[in-house]
Amino acid sequence: MVKDIVIGIDSSTTATKAIAWNSEGYPLAEGRSVIPLSNPRPGWYEQNPEDWWKSAYESLQQLWKTVSPERVAALAIANQRETVVPLDKKGNAVRPAILWLDERCFDEVTWLSDKVGKENLHHITGRPPDMTTAVYSVAWMLRREKELYKQVNKFVEVHGYLVGKLTGELKTSWASADPMGVFDIHEQEYSTTILEALELAPHHFAEAFESATPLGEVTSEAANATGLQKGTLVVAGGGDGQAAGLGLNATSSERAYLNLGTAVVSGIYSQEAHITPACRTLIACNGGYILETLLRSGTFLLTWFVDTFLDGKADWERLEHEASNVPLGSEGLLLVPHFSGCMTPYWDGGARGVLLGLSGAHKRPQLYRALLEGLTLEQVMMTQGVEEFSNKKIEEYVLTGGGANNKLWSQMVADVSGKQVLHPHSTEATNLGAGMLAAVAAGWYKTRNEAAASMSQVVGSLEPNAKNHQRYQDLLAVYRKVYPQVNTLNQKLSSFRTS
């Protein structure tokens, strides 16, 4: 049988999606399975890694209702980043995996920064010290769970774990190892400087390879579990953000990807590794680097709004309609969306949200619009910071994520930024990026950029409204001043917080 499909596996925080793609980048079959999430203490978020595997093979099994596994040329994985699980010598988890949104390692950020050097950590890993990165979860375990720490043979991220289940070998990609915060992005290898501070060595992590590199073949055991053919090629993928950039063909500095998801994540491609607080610098799936901004509160805030003010009963069309009828600027209401701390550009885990200008005249529509405007103003401010530092000028955003379906928000991105906003043919950009890497390894395309250009299409675009853009610049000027002026007060309020 002709091997005319590739499979992308997107193992996210909440679910795994397996999608079969053809050579033109169109999906032929899809499977989905949820991943349970545990919250054993306030600020703690954990998962059982066996649930990653269970979710992966259940999603794969759903594909065979539509397509034959004999048609699969190769598969690649995109994974939730900065999540880590410690494994013993038998490959069993020593403790549950600690997720990227976990907040237990707040003190370890300072501890490791003092030990290795804040600037040194930033230069080696491309990201300033921040509790989102897995290295601080590893440091937490070293300091708080010493006996368990001694039992650890490997610290593995989601990609490496799933590749191990599929092929029997713990291997991963540079673009998946990199977000762990123990990887030297300049040398493309694990940093002995950081590892020595953690009493570890490179052999304590999965061997890492460039994206699109063949890593192994599906074993008999994995074939029985997944329905894949034994011997199916497994290919190095990447972290979900970098994979999305490839899937959206954001392979040059003129186009930025913008994921309006649980978190708002945007990236600009660069041949050089720029080290700046304005962004996180990550290894790209197509070579080079991604200059990435990250706002921890994205569609999470929309869900919060509905849960808090509408008892969880969302009528999104009505909310969008109501907010569309509110004038630009939400009638003097301004929201700063740092509900879960701030990463780029301030790197302040203690930052919190601000609602400025509130009066009795403000109702649900104004609040909802202010929320969207706050998210958009913050993103545009961050993008401008990266453009200024890197001397790059993007021409367009290409959107993905659930928020991309919000017409008001999409137009708002165009109006505030003054840039064209594009909608791709598939909202599953992360999965498609993994599929592209599989397609290159299968020999369908010579290069990763060629795969991205061939398998990603744009089906819609929005132009900025010039009048609105000018007005939003006045609002952006106000917005820029809020965090610097209220940060000290936020810090003083921290003693009253319970979470």
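All values reported here derive from a predicted model rather than from experimental measurement.

## Details of the packing of aromatic side chains
- Following the criterion strictly, the structure yields 12 aromatic pairs and no others.
- Judged by centre distance (3.9 Å) and plane angle (15°), the rings of Y346 and Y483 are stacked. Of the two residues, Y346 sits in the loop between strand 19 (334-336) and strand 20 (354-356) while Y483 sits in helix 17 (residues 466-493), which places them 137 residues apart along the sequence.
- A relative accessible area of 27% places Y346 in the partly exposed class.
- Judged by relative accessible area, Y483 falls into the buried class, the value being 12%.
- Cluster of aromatic residues (ring-pair linked, three or more members): Y149, F155, F183, Y190 and F205.

## Regarding the sheet that holds strand 17 (residues 280-283)
- Read from one edge to the other, the open sheet built from seven strands follows the order 17-18-16-15-21-22-23, with strand pairing classed as mixed. Whereas interior strands pair on both sides, the edge strands pair on one side only; in this sheet they are strand 17 and strand 23 (458-462). Averaged over all pairs of adjacent strands, the angle between strand axes in this sheet comes to 30°, irrespective of strand direction.
- Note: strand 16 (residues 264-270) against strand 18 (residues 289-295), seven bridges, orientation antiparallel. Across the sheet, the residue bridging to S266 is T293, located in strand 18.
- Strands in contact with helix 13 (residues 364-390) are strand 15 (255-260), strand 16, strand 18 and strand 21 (396-400); relative to strand 18, the strand with the most contacts, it is inclined by about 150°.

## Observations regarding the environment of R480
- Mapping R480 onto the fold places it in helix 17.
- Distance from R480 to P49, taken between C-alpha atoms, is 41 Å for residues 431 residues apart in sequence.
- Non-local contacts of R480, meaning those with residues more than four positions away in its chain, are made with Y346, M381 and Q384.
- There is a polar contact of 2.3 Å between the side chain of R480 and the side chain of Q384.

## Some thoughts on the side chain of N431
- Topologically, N431 is positioned in helix 15 (residues 429-441).
- At a separation of 3.1 Å, a polar atom in the side chain of N431 contacts the main-chain carbonyl oxygen of G8.
- Beyond its immediate stretch of four places on either side in the chain, N431 contacts G8, I9, D10, K17, A18, I19 and W21.

## Describing the packing of helix 1 (residues 49-63) against helix 6 (residues 158-167)
- The interhelical angle for the contact between helix 1 and helix 6, taken along N-to-C directions, is 60°, at an axis separation of 10 Å. Considered as vectors, helix 1 and helix 6 are oriented oblique to each other. In this structure, helix 1 meets helix 6 at a crossing whose hand is right-handed. Contacts between helix 1 and helix 6 involve P49, E50, W52, W53 and A56 from the former and V158, Y161, L162, K165 and L166 from the latter.
- Residues of the contact of helix 1 with helix 6, tallied by class, amount to eight nonpolar, no polar and two charged.

## Let's talk about the sheet that holds strand 3 (residues 27-34)
- Sheet architecture is open: six strands sit in the order 3-2-1-5-14-13, paired in mixed fashion. The sheet is open, and its two edges are formed by strand 3 and strand 13 (214-217), each paired on a single side. For this sheet, the mean angle separating the axes of adjacent strands, direction not counted, is 25°.
- In terms of strand pairing, strand 2 (residues 15-21) meets strand 3 through seven bridges, oriented antiparallel. Each bridged residue has a counterpart across the sheet, and for K17 the counterpart in strand 3 is R32.

## Overview of helix 3 (residues 118-125)
- If you check which residues of helix 3 are buried, you get L121, H122, I124 and T125.
- The inward-facing, buried residues of helix 3 abut helix 2 (106-116), helix 4 (134-144), strand 10 (183-184), helix 8 (192-197) and strand 17.
- Positive backbone phi, at 85°, marks G126, one or two positions downstream of helix 3.

## A word on the pairing of strand 14 (residues 233-239)
- In terms of burial, strand 14 is a largely internal element, seven of the seven residues being buried.
- With five bridges joining them, strand 5 (residues 72-79) and strand 14 adopt parallel strand pairing. Note that in strand 14 the partner of N79 across the bridge is G239.
- Where strand 13 and strand 14 come together, three bridges link them in antiparallel fashion.

## Some points on the packing of helix 2 against helix 3
- The N-to-C vectors of helix 2 and helix 3 enclose an angle of 90°; their axes lie 6 Å apart at closest approach. With respect to their mutual orientation, helix 2 and helix 3 come out roughly perpendicular. Residues L112, S113 and V116 of helix 2 form the contact with helix 3, whose own contacting residues are K118, N120 and L121.
- Classifying every residue of the contact of helix 2 with helix 3 gives three nonpolar, two polar and one charged.

Calculation notes
Residues numbered from 1 in each chain as written. Predicted model: local features only at pLDDT ≥ 70, side-chain atom pairs only at ≥ 80, totals over all residues. Heavy atoms only, no water. Phe/Tyr/Trp six-rings, centres within 6.5 Å; stacked < 30°, edge-to-face > 60°. Helix = DSSP H or I, 4+ residues; strand = E, 2+ residues; numbered from the N terminus. Buried < 20%, exposed > 50% of the residue type's maximum accessible area, 1.4 Å probe, protein only. Pairing = 2+ DSSP bridges. Axes fitted to C-alpha atoms, helices over the stretch in contact; angles between N-to-C directions. Contact = heavy atoms within 4.5 Å. Polar contact = N/O pair within 3.5 Å; in protein donor to acceptor, adjacent residues only side chain to side chain. Parallel < 35°, antiparallel > 145°, perpendicular 65-115°, else oblique. Left-handed = near helix turned anticlockwise from the far one by under 90°. Nonpolar A, V, L, I, M, F, W, Y, C, P; charged D, E, K, R; others polar.

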